[in-house]
Every structure is written in C-alpha cells, then in structure tokens.
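A closer look at the structure
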Amino acid sequence: MKKISIISPCLNERENLIDLTKSVKNIFEKLNYYDYEHIIADNNSEIETKKILRNLAIKDKKIKILFNSKNFGSQMSTFNAIKYSSGDAVFLFLPSDMQDPPSLIPKFIEKWESGYDVVYGTRDKRQENFVLKNIRFIYYKIINKISLNSIPLNISDFQLVDKKILKEIIKINDNSPFIRSLPISFTDNVFRISYEFKKRKSGKSKEVFKALINTGIKGMIFASSAPFRLLIFFGFIISAISILYGMFSFVNHLFFITDVEKGIPLLLVSFFIFFGVNLFFLGFIGEYITNIYNMILNKDRVLVSEKINFD
C-alpha cells in the first residue's frame, strides 16, 4: 500500500485544526487504498492550540506533531518537516486555514499516479484584495524575467512531490529555501492544477507583511544570480551616461558661456539617483552574503522540542 504524507505548518490555528484534520481524514477514508500521515509542524503556538494538537494526536495516530522551539516561519518549518516524512509522495504545504482546498487531494494523487514527479497548484483565482493580488502578479513577472528557470505564474506551495525528488531536495545545503519553486527545478515531468485560493474560514492570517517580504526576497535570491547581472548592467549604463554628460559639459563650457549654478540641481539629482541605485544593490549583495554565511554555519536550522506519534 502506497503512503501519502501531508505537511501543514501551524501557528495559533486553534479555530481551524479540527476542521483541517477532519477534512483530510474524510478524504483518505474514501481513498482507503492509500496509507497516509498528516504532519503538523507547530511554530510555538499558544497553549490552547498545543492542547488541541495533543488531543488530536492522541485520538488519531496518523496525525503526527512537530513542536518547534520557536516560530521559525512557515517555509523553514515545512522544509524541516519534509525530513520527518515517510510517504511515497508528500504534499509539501497544506495550510491549516484551508485556503488551498484539501478537496483537491484526490486529483493531485491521480496525476501523480499517472507518472508525474511533481503535481503543483496555481492560485489563478484569489479571494483577496485587489492591491495584494496585483503585487503578487508583478512579483512573478519580475521573477520570471530574472530567473534562469521559468517559474509558473501564481504557483503555490501546495504541491505533491514524489519521494525521489524529495531525496534530492533534502541534500540541498539550505535550511530555508524558496520551497514553491524548488521541486520544479529538479524535473520537467510536472503537471499543473489550477484552483481558486479561498478566504480563511476563521481566524487571522499569520503571514504578516514582513514575512511576505522575506519570502519574496528569498524567492528572488533563490531564483538566480540576476541581481548581480543587473548591478553590472546598471553600473555600465550609469557610467556611460556620466561620461557622455561629462563630454557634453566640457564642450558646452569650452564654446558657450555657462552659468555654473544651473548645473547644481542636476548634479544633486544625479548624485541621489546613483546613491539610491547603490543602496538597492548593496542590499541585494547583503542578502546573498547573509544567505551564504548562514549556509556555511548551518545556522538556519529548526529545533524541534517535541515529537508526537513518530516511531
């Protein structure tokens, strides 16, 4: 009997956990020719959420809990949970708020069984505000422009990945990678399933704006070395413009009467533009160096303080 692993990161999701685990259980009661395990990676939730998780694990041994020592974020805790999974294929990210619908699980499994290494979801419709929706759209457009590997528009972390791909993923010397684009970087044998990203049933999103920015920057760094290439490109353009402007100023000063004071505003504007571009790319370089530093020290590791229902 084949086994499917499902990973759900969790942070203070007491309103949704019972519905989440019940939905997964009901689905696999119909898919009774599969064994399954539901791994919930808890990011140091409040006491009430932990009580619910313990009770769920006592009642159902297929529910396995990883209690992290602190909030490591959904990306790091999900990547860490992969190492504890034992399935023939793993759902990398089934959110506790069920905005990615569990009802699609059978369809994902069907496509995996037909021979695909990775079955990924795309959130082509979203029940969210206009501004955030367009920010995401622009972000993926930028990612695809700078990335060496094309990343599908609106791709989500809700993916079913074969264990042979996961074995290669775990070998990566990065404890906090950009998970949603990682599996498809190993294979072209993939299948896309489009769906609507639902509103939360209850509770508030734990993915605050800071966390979204952090994930976005991580995605750009993971995607390619293009920011360094952009630095070279912009450096060349700015240098060329500066040389041309210098030549123009020299000729203008040599043959025409000029008022030096008129050039001061342009000089200041040019300085601030150049300074801003420098700061922008220095920030990117800093992000790269920080990631390399953390990888060398093996710093971004998730400490699990307690495990339940793991053999």
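Residues numbered from 1 in each chain as written. Predicted model: local features only at pLDDT ≥ 70, side-chain atom pairs only at ≥ 80, totals over all residues. Heavy atoms only, no water.

Take the packing of aromatic side chains next. Considering all chains together, one arrives at 8 aromatic pairs under this definition. When the centroid spacing of 5.7 Å and the interplanar angle of 65° are considered together, the rings of Tyr 84 and Phe 310 count as edge-to-face. Note that Tyr 84 is positioned in the loop between helix 3 (74-82) and strand 4 (89-91) and Phe 310 in the segment after strand 8 (304-308), a separation of 226 residues in sequence. Centre to centre, the rings of Tyr 116 and Phe 191 are 5.2 Å apart; their planes meet at 45°, and the pair counts as tilted. Pair noted here: Tyr 116 is in the loop between helix 4 (105-113) and strand 5 (118-126) and Phe 191 is in strand 7 (residues 190-197), with a separation of 75 residues, a long-range link. Judged by relative accessible area, Tyr 116 falls into the partly exposed class, the value being 26%. Assessed through its relative accessible area of 23%, Phe 191 is described here as partly exposed. The ring of Trp 112 is capped by Lys 2, whose NZ or CZ atom sits 5.2 Å from the centre of that ring. (Phe/Tyr/Trp six-rings, centres within 6.5 Å; stacked < 30°, edge-to-face > 60°. Helix = DSSP H or I, 4+ residues; strand = E, 2+ residues; numbered from the N terminus. Buried < 20%, exposed > 50% of the residue type's maximum accessible area, 1.4 Å probe, protein only. Lys NZ or Arg CZ within 6 Å of the ring centre and 35° of its normal.)

Quick look at the pairing of strand 1 (residues 3-10) now. Most of strand 1 sits out of view: 8 of its 8 residues are buried. Neither face of strand 1 is exposed, since Lys 3, Ser 5, Ile 7 and Pro 9 on one face and Ile 4, Ile 6, Ser 8 and Cys 10 on the opposite face are all buried. Handedness of the crossover is the feature at issue here: the chain leaves strand 1, passes through helix 1 (residues 17-30), returns alongside strand 2 (residues 35-42), and the resulting connection is right-handed. Bridging between strand 1 and strand 4 involves 3 bridges; their strand directions are parallel. Bridged to Ser 5 within strand 4 is Val 90. (Right-handed = clockwise from strand over helix to strand, strands pointing away. Pairing = 2+ DSSP bridges.)

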